[in-house]
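Structural description and commentary
Next come the chains, spelled out residue by residue.
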Amino acid sequence: MTFPIPPSLSRLLRHWSGALLLAALLLAALWPAFYAGSAMAQDDAEFQSWVQQFKQQAETQGISKTTLERAFADVHLNEKVLELDRRQPEFTRTFWQYFQSAVTEWRIQRAAMLYRKHRRLLDQVTKQYGVPGRFLVAFWGMETNFGGYTGNIPIIESLATLAYDPRRSDFFSNELLEALKILDQGNISLQDMKGSWAGAMGQCQFMPSNYMRYAVDGDGDGKKDLWNSLEDVFFSAGHFLAELGWQREENWGREVHLPKGFDYALADGQTERSLQEWAQLGIQLADGRALPQESMNAKLLLPSDYRGPAFLVYANFDVIKRWNNSNNYALGVAHLADRIIGRTTLSKERPDDDEAMSLADMQALQDHLNWLGYDAGKPDGIAGSRTRNALRAFQKDQRLPADGFPSAAMLKRLEQVRTPS
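No experiment lies behind these values; they were computed from the predicted model shown. (Residues numbered from 1 in each chain as written. Predicted model: local features only at pLDDT ≥ 70, side-chain atom pairs only at ≥ 80, totals over all residues. Heavy atoms only, no water.)

**Considerations on the side chain of Lys55**
To keep things clear, this is the line we draw: Working definition: helices are DSSP H or I runs of at least four residues, strands are E runs of at least two. Numbering for both runs from the N terminus. Per-residue accessibility, obtained with a 1.4 Å probe over protein chains only, is compared with the maximum for each type, and a residue is labelled buried under 20%, exposed over 50%, and partly exposed between these values. Definition of a polar contact: a pair of N or O atoms within 3.5 Å, with one able to donate and the other able to accept a hydrogen when the atoms are protein atoms, and with sequence-neighbouring residues admitted only if both atoms are side-chain atoms. Contacts: residue pairs with any heavy atoms within 4.5 Å of one another.
Residue placement: Lys55 occurs in helix α1 (residues 7-60). Judged by its relative accessible area of 10%, Lys55 falls in the buried class. Within the structure, Lys55 has its side chain in polar contact with the side chain of Glu69 (distance 3.2 Å). Among all residues touching Lys55, those that are not within four sequence positions of it are Leu68, Glu69 and Phe72.

**Notes on the layout of surface pockets**
Here is the rule: Two kinds of site are reported from a 1 Å grid over the protein atoms alone, namely cavities, where a 1.4 Å probe fits but cannot get out, and pockets, open sets with protein on both sides within 12 Å along at least five of seven lines, and residues are called lining when an atom falls within 4 Å of a point. Grid points are joined across faces, edges and corners, and a volume is the space filled by probe spheres set on the points. In this classification, the charged set is Asp, Glu, Lys and Arg, the nonpolar set is Ala, Val, Leu, Ile, Met, Phe, Trp, Tyr, Cys and Pro, and all remaining amino acids, among them Gly, are polar.
As a volume, the largest pocket reaches approximately 1300 Å³. Looking at the largest pocket, it is lined by 50 residues, and the ones nearest its centre are Pro303, Ala383, Arg388, Phe405 and Pro406. Of all elements in the fold, only β5 (268-274), β7 (297-301), α13 (315-323), α14 (327-340), β9 (357-358), α15 (359-371), α16 (385-397) and α17 (408-418) reach the threshold of two or more residues within the lining of the largest pocket. In terms of residues, the lining of the largest pocket owes the most to one element, α16, which gives four residues. Among the residues forming the lining of the largest pocket, the class breakdown is 21 nonpolar, 15 polar and 14 charged. Along its surface, the second largest pocket is lined by 21 residues, and Pro89, Trp197, Asn324, Asn325 and Ser326 are the ones closest to its centre.

**Quick notes on helix α3 (residues 79-86)**
To keep it simple, the criterion reads: Each direction from the helix axis to a C-beta atom contributes to the arc, which is the arc of those directions.
Listed as buried for α3 are Val81, Leu82 and Asp85. One side of α3 holds all its buried residues, which, seen down the axis, span an arc of 100 degrees. Measuring from the side-chain oxygen of the N-cap residue of α3 to the backbone nitrogen of Lys80 gives 3.0 Å; that N-cap residue is Asn78.

**A word on the sheet that holds β5**
Note the following rule: By definition, two strands form a pair when at least two bridges between them are found by DSSP.
Judged by pairing direction, the sheet is antiparallel, and its five strands sit side by side in the order β5-β7-β8-β4-β6 without closing on themselves. The outermost strands of the open sheet, each flanked by one partner alone, are β5 and β6 (284-285). Here three bridges tie β7 to strand β8 (residues 310-313), and the two strands are oriented antiparallel to one another. For Leu300, the partnering residue across the bridge sits in β8 and is Leu312.

**Quick notes on the packing of helix α6 (residues 119-129) against helix α7 (residues 133-144)**
When two helices pack together, their arrangement is given by the angle between their axes and by how far apart the axes lie. We apply this condition: Interaxial angle, 0 to 180 degrees, is taken between N-to-C directions of lines fitted to C-alpha atoms, where a helix line uses only the stretch in contact. In this scheme, roughly parallel covers angles under 35 degrees and roughly antiparallel covers those over 145, while 65 to 115 is roughly perpendicular and the rest are oblique.
Running from N to C, α6 and α7 point in directions that differ by 110 degrees, and their axes come no closer than 8 Å. Here α6 is positioned roughly perpendicular relative to α7, judged by the angle of their axes. Of the residues in α7, those in contact with Leu122, Val125 and Thr126 of α6 are Gly133, Leu136 and Val137. Of the residues assigned to the contact of α6 with α7, the class counts are four nonpolar, two polar and no charged.

**Let's talk about the pairing of β7**
Most of β7 is tucked away: four of the five residues are buried. Here β5 runs beside β7; their pairing, made up of four bridges, is antiparallel. Each bridged residue has a counterpart across the sheet, and for Asp268 the counterpart in β7 is Leu301.

**Brief notes about α16**
This is how it is decided: An expected span of 1.5 Å times one less than the residue number is assigned to each helix.
An ideal rise of 1.5 Å per residue puts 18 Å on 13 residues; α16 measures up with 18 Å between its terminal C-alpha atoms. Taken as a whole, α16 has its buried residues at Thr387, Ala390, Leu391, Arg392, Phe394 and Gln395. Each element contacted by the buried residues of α16 is listed here: α15 and α17. The first or second residue beyond α16 is Arg399, which carries a positive phi of 55 degrees.

**Here we look at the pattern of salt bridges**
Cut-off, in case you're wondering: The salt bridge criterion pairs a side-chain nitrogen of Lys or Arg with a carboxyl oxygen of Asp or Glu, the two atoms within 4 Å.
Scanning all chains against the criterion turns up 19 salt bridges. In this structure, the salt-bridge partner of Glu178 is Lys181, at a minimum N-O distance of 3.1 Å. Within this pair, Glu178 and its partner Lys181 are both found in helix α9 (residues 169-184), separated by three residues, close to a single helical turn. For Glu178, a relative accessible area of 11% corresponds to the buried category. A salt bridge links Asp375 to Arg386; its shortest N-O distance comes to 2.8 Å. Of the two residues, Asp375 is situated in the loop between α15 and α16 and Arg386 in helix α16; the sequence distance between them amounts to eleven residues.

Below, the structure is given as structure tokens:
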């Protein structure tokens, strides 16, 4: 037996069921954010406990209690810093992609203008440390766009976050302690002590430990201010490079021309020979002139495939890499320094098929080589010597220039050979 539901009660039930459904949907949407916020609060509470322990250790290292209280007064776990630290790039930029974004016409013109403007100061640094001013300006441009952007993350918070994280805790704990020493010495105010997410500071992006070792009071005001004093910035950069081993009166290297049929296995950036020996192998400067008759050793570097530029690099190129251990970065600094004094652009142009490769692309390239009988080792996505030797052997069999350089173009060629249409 059924009982009829009055219309007024039916409307009420429909109203409440709709409201309950809306509330359930709203709760489901908000729950992840609520849960994440709760987890973040718990993480920050654990972080604050860690901060208290670190402050006690720092005080035993000579950091004043006043500095510690001021430095950590408003410090919290910075999730954005952790995200940036753990982020792995999906694609690795090619030499050309990096170079064309780093050494732009605007940056060249700006660098040349600032070099002229600050020439007197730069010459003083060169006289003391032996580093030409054009390189100091090039580093300045590459690091912070000539001081235009030094980073806006509070250094103490970024370093404390990274020191708390177990991945590289020892390294960043030491950097945090050095940053506190900088504050304790009164070199910079806490409000102005901002930089990159990884703790690099000032217009030359020194880590705190490098600041403590190499920063110089260039303007004589009793402080080492890498944020606001160009004298301090340039003298500190010159001191740093000199301590890294900069060779006075030597260049960084030169772009060169390789003869037809050249053995690209020698272009590994590691094989070192005298300029005379390289000349005997048919290498000339990029404009066709003979190599300098200097008693110097050099390494041959090919940052792209055989269609790109080749460079003979000297000891100072390795010094540049000790600032930032990247061939592309070092070539960017070196070429920008050359353009500041009017030297020409590169002799080669970017190929139309120049594309970035992902980790999966590199693994696929290694897998194809192994399948075709060229031992590239485990497909780990790392283009080591084994992968390059395997690729070079494949290229020789295909009667291609055997540069051993993994690229998107070579991946396509391997795919075609493995699965011909």
